[in-house]
Amino acid sequence: MNITEKLKALIRYYEEVISLPHRREIAAELREEDDLFLLLLYSEMVGIPNPAYYYTLELYPYMLEKFHDWHLRMGMDKSPLSGIRCC
Amino acid sequence: MEALEKEIIFVGGKGGVGKSTSAAAIAMRCAAEGHRTLLVSTDPAHNIGDIFGRKLGGRITEVADGLHALEIDPEQETEAYIQTVKDNLKGSVHAGMAAEVNRQLDTAKASPGADEAALFDKLVTILLEERDKFGRIVFDTAPTGHTIRLLSLPELMGVWISGLLEKRKKTNENYSALLNDGEPVEDPIYDVLRERQSRFSRVREILLDNRKTGFIFVLNPERLPILETEKAVGLLGKYGLKVKTLIVNKVLPDEADGEFLRERRRIEQQYLSQIDGIFKKQEVIRVPLFPRDIATFEDLEAFSKYFKAGGRNESVRV
C-alpha cells in the first residue's frame, strides 16, 4: 500500500467516525418529519379539518404500524386516538 | 344548441327550475341522435328515476333505446370504498384487532364529508372509466351551491394531496440520500397518494376542456333564479369552468291568455330582456311552460325540440 492509498483509507475512517453521530441526528429529524406527515394525514381525528380525510382512509393499512411506533415512542402504551386502533 | 355537441354535459341550476327535466330531455335527444348516452344524477335527492317512472337503485340501467341512467347512491359508494380499505387491511392487522379496526372504519362512514367525497369519487370514476363506453354523458346535478362545491373539489383536494405528496417525497429523498446510500426507498403511501392525485388532475383536465365538456344552467324568468345563475356563472368562471348555454325554462307561451297572465307576461318580458342583457356571452335557449307536467317520453321529446328552435328574443309556442 503506497502512501496515498493509506491516506485515503485514513480519510474514509475519519469520515465514518465523524458521520456516525450525524446519522443518528438525521434519522431523528426524518422521523420527526414522518410524525408531522402523520398529523397532516389524520388531523381530522384530533379536530383539525382535513378536506381529503375520506381519501386518507385508504392509507390506513400502511400507517397503522407507523402510528403504533409513534405512540410507543411518545411514551404511551396504548393508542391515544379513538380514531386509530393499533394495539 | 351548441352544448349538445359536447361529450360531457353538466346541467345545473337553482332548485325547482327544471334541471332534471332538462337533463333528461338533453340525454334523450343525444340518444335519439344515435349516441350511446348515460344520464347521471349527482343530486342526493334524485329525480331521474321518477321522470322515467322506475327505480334505478344506484346501478346503470337502460331506460330507453341507447339511453342509460344512473342515480349515484353515496351510501352505497361509501360502503364499497370502506370495504376495499378493510380488504387491504387483512394481513396487516392481527386477527384479534381486526374486529376493532373494522368497527372503527365503520364509524368513518358517518364522518362529515364522507357522502360528498363518495359522490365525488363516483363522478371521478364515471368520467375516467365510463367514457369509453358512452358517446355522451349528461350530469343532472344538485342545486347550485352543491354543484359548485362538487366541481371545485378536484382543485381543492388536488392541492391538499399535492402538499402531502411533496412533503412525503422530500422525506423519502432525504432518507434515501442520507441514510440509504442513495438507494430509493419503497413507499406504498407515496404510491397511493400519487394515484389519487393523478385521478384528480385527469378529471380536472376533462372538466376544463371546452371541446369535450359543456356546462348548462337552467333558470326561470324570475328574479331569484336570475340572480343565483349570475353568481354561479361567475363563481364557476373563477375555477375556469365556462357556462356557455342557458336554458330559460317555463316561459309563458304566446297562447296563454287572460288578464292575469297578460300582466304576468309583461313582467316576464322584463326578466327575459334582463337575462339577455346579463348573459351576453351565453347561448340562451327558451323553453315554454307546458300545460301539463313533463312525465312521458313524448313530453320530453316535445321539450327537447326547443333546444334547436328556441333562442334569444324569440317568443315560444307549445
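Treat the numbers as computed from the prediction; the structure is a model and nothing was measured. Position numbers for residues count from 1 along each chain, tracking the sequence in the order it is written. All chains are assigned letters beginning at A, and all ligands numbers beginning at 1, according to the order in which they are written. Thresholds applied to this predicted model are a pLDDT of at least 70 for local features of residues and 80 or more for the giving and counting of side-chain atom pairs; totals over whole chains, interfaces and linings are not thresholded and use all residues.

Helix and strand assignments come from DSSP, with helices taken as H or I runs of at least 4 residues and strands as E runs of at least 2, each series counted from the N terminus. Helix and strand counts for chain B come out as 10 helices and 8 strands. The burial criterion counts other C-beta atoms lying within 10 Å of a residue's C-beta, which is placed from the backbone; the residue is buried at 20 or more, exposed at 12 or fewer, and partly exposed between these limits. Looking at the 318 residues of chain B, the share that counts as buried comes to 40%. A separation threshold of at least 6 residues defines the contact pool for chain B, and within that pool the share at least 24 residues apart is 75%. By definition, residues are in contact whenever their C-beta atoms, placed on the basis of the backbone, come within 7 Å of each other.

Within chain A one finds 3 helices and 0 strands. Taking 12 Å as the expected radius of gyration for a compact globule of 87 residues, we find that chain A reaches 21 Å, considerably beyond that expectation. For chain A, the spread of C-alpha atoms along the principal axes amounts to about 65 × 30 × 20 Å. For chain A, buried positions account for 17% of its 87 residues. Contacts in chain A between residues at least 24 apart in sequence constitute 39% of all its contacts with a sequence separation of at least 6. The globule rule used here is 2.2 Å times the number of residues to the 0.38 power, and the radius of gyration it is set against is calculated over C-alpha atoms.

Looking now at unusual backbone geometry. Positive phi is not limited to glycine here, since K250 of chain B has a value of about 65°. Note that K250 of chain B resides in strand β7 (residues 243–251).

So, on to the sheet that holds β7 of chain B. Residues and elements named next belong to chain B. If DSSP finds at least two bridges between two strands, the strands pair. Taken in spatial order, the 8 strands make up an open sheet running β3-β4-β2-β5-β1-β6-β7-β8, and their pairing is mixed. Only two strands of the sheet have a single neighbouring strand rather than two, namely β3 (61–64) and β8 (283–288). Sheet twist, expressed as the average angle between the axes of neighbouring strands with direction ignored, equals 25°. Under this scheme, a helix contributes an axis fitted over its contacting stretch, all axes are lines through C-alpha atoms, and angles between N-to-C directions fall in the 0 to 180 degree range.

So, on to the nonpolar core. Residue and element names in this part refer to chain B. To define a nonpolar core, we join buried Ala, Val, Leu, Ile, Met, Phe, Trp, Tyr and Cys residues through C-beta atoms within 7 Å and take the resulting set. A27, L39 and V138 are the most contacted members of the largest nonpolar core, which totals 91 residues. Ranked by the residues each element gives to this core, the list is headed by helix α5 (residues 114–129), at 9 residues. Domain borders in the structure are assigned automatically or taken from a domain database. Here this core gathers at least three residues from each of two domains, domain 1 (2–75 + 115–307) and domain 2 (76–114). The residues touching A27, leaving out its near neighbours within four places in the chain, are T37, L39, L67 and V138.

Bringing the packing of helix α3 (residues 74–89) of chain B against α5 of chain B into the picture now. Residue and element names in this part refer to chain B. Their axes nearest at 8 Å, the elements α3 and α5 cross at an angle of 85°. One finds that α3 runs roughly perpendicular with respect to α5. Along the contact surface, α3 presents P74, E77, T78 and Y81, while α5 presents A114, D115, A118, L119, D121 and K122. For this classification, under 35 degrees means roughly parallel, over 145 means roughly antiparallel, 65 to 115 means roughly perpendicular, and everything else is oblique.

As a further point, take the interface of chain A and chain B. Every contact between the two is made by 23 residues of chain A and, on the other side, 31 residues of chain B. Mapped by element, the contributors of at least two residues to the side of chain A that touches chain B are α1 (3–42), α2 (53–56) and α3 (60–73) of chain A. Take the side of chain A that touches chain B: its biggest share by element is 9 residues, from α1 of chain A. All amino acids are sorted into three groups, where Ala, Val, Leu, Ile, Met, Phe, Trp, Tyr, Cys and Pro are nonpolar, Asp, Glu, Lys and Arg are charged, and the leftover types, Gly among them, are polar. When grouped by side-chain class, the residues that make up the side of chain A that touches chain B number 17 nonpolar, 1 polar and 5 charged.

All names here are of chain B. Working rule for helices: expected span equals 1.5 Å times residues minus one. The terminal C-alpha atoms of helix α1 (residues 19–32) lie 20 Å apart, and with 14 residues this matches the ideal 20 Å at 1.5 Å per residue to within 8%. Counting buried positions along α1 gives 13 out of 14 residues, so the element sits mostly inside the fold. Immediately beyond the C-terminal end of α1, within one or two residues, lies G34, with a positive phi of roughly 100°.

Glancing now at the domain arrangement of chain B. Residue and element names in this part refer to chain B. Taken domain by domain, chain B comprises domain 1 (2–75 + 115–307) and domain 2 (76–114). For domain 1 versus domain 2, the distance between C-alpha centres works out to 31 Å. Facing the 12 residues of domain 1 at the interface are 7 residues of domain 2. Elements that contribute at least two residues to the side of domain 1 that touches domain 2 include exactly α3 and α5. Here the side of domain 1 that touches domain 2 takes 7 residues from α5, the largest share from any one element. Across the side of domain 1 that touches domain 2, the residue classes tally to 5 nonpolar, 1 polar and 6 charged.

Right, let's get into the environment of K231 of chain B. All names here are of chain B. On the secondary structure map, K231 appears in helix α8 (residues 223–238). The class of K231 is partly exposed, set by 13 C-beta atoms lying within 10 Å. K231 sits 87 residues away from T144 along the chain, and the two C-alpha atoms are 9.6 Å apart.

Further remarks concern the pairing of β8 of chain B. Residue and element names in this part refer to chain B. With 5 of 6 residues buried, β8 is to be regarded as a mostly interior element. Here β7 pairs with β8 via 5 bridges, running parallel. By the bridge assignment for β8, L246 is matched with V284. Between the parallel elements β7 and β8, the chain passes through helix α9 (residues 259–278) in a crossover that is right-handed. Orient the strands so they point away from the viewer, and a crossover whose first-strand-to-second-strand path over the helix runs clockwise is right-handed.

Look at any regular strand and the pattern is simple: side chains alternate between the two faces of the sheet. All names here are of chain B. Taken across its 6 residues, strand β1 (residues 8–13) has 6 buried, putting it largely inside the fold. The alternating pattern of β1 places I8, F10 and G12 on one face and I9, V11 and G13 on the opposite face, and all of these are buried. Direction of pairing for β1 relative to strand β5 (residues 136–140): parallel, over a ladder of 4 bridges. Its bridge partner being in β5, I8 is matched across the sheet by I137. Examined bridge by bridge, β1 and strand β6 (residues 213–219) share 6 bridges and lie parallel to one another. Looking at β6, one finds that G13 is bridged to V218.

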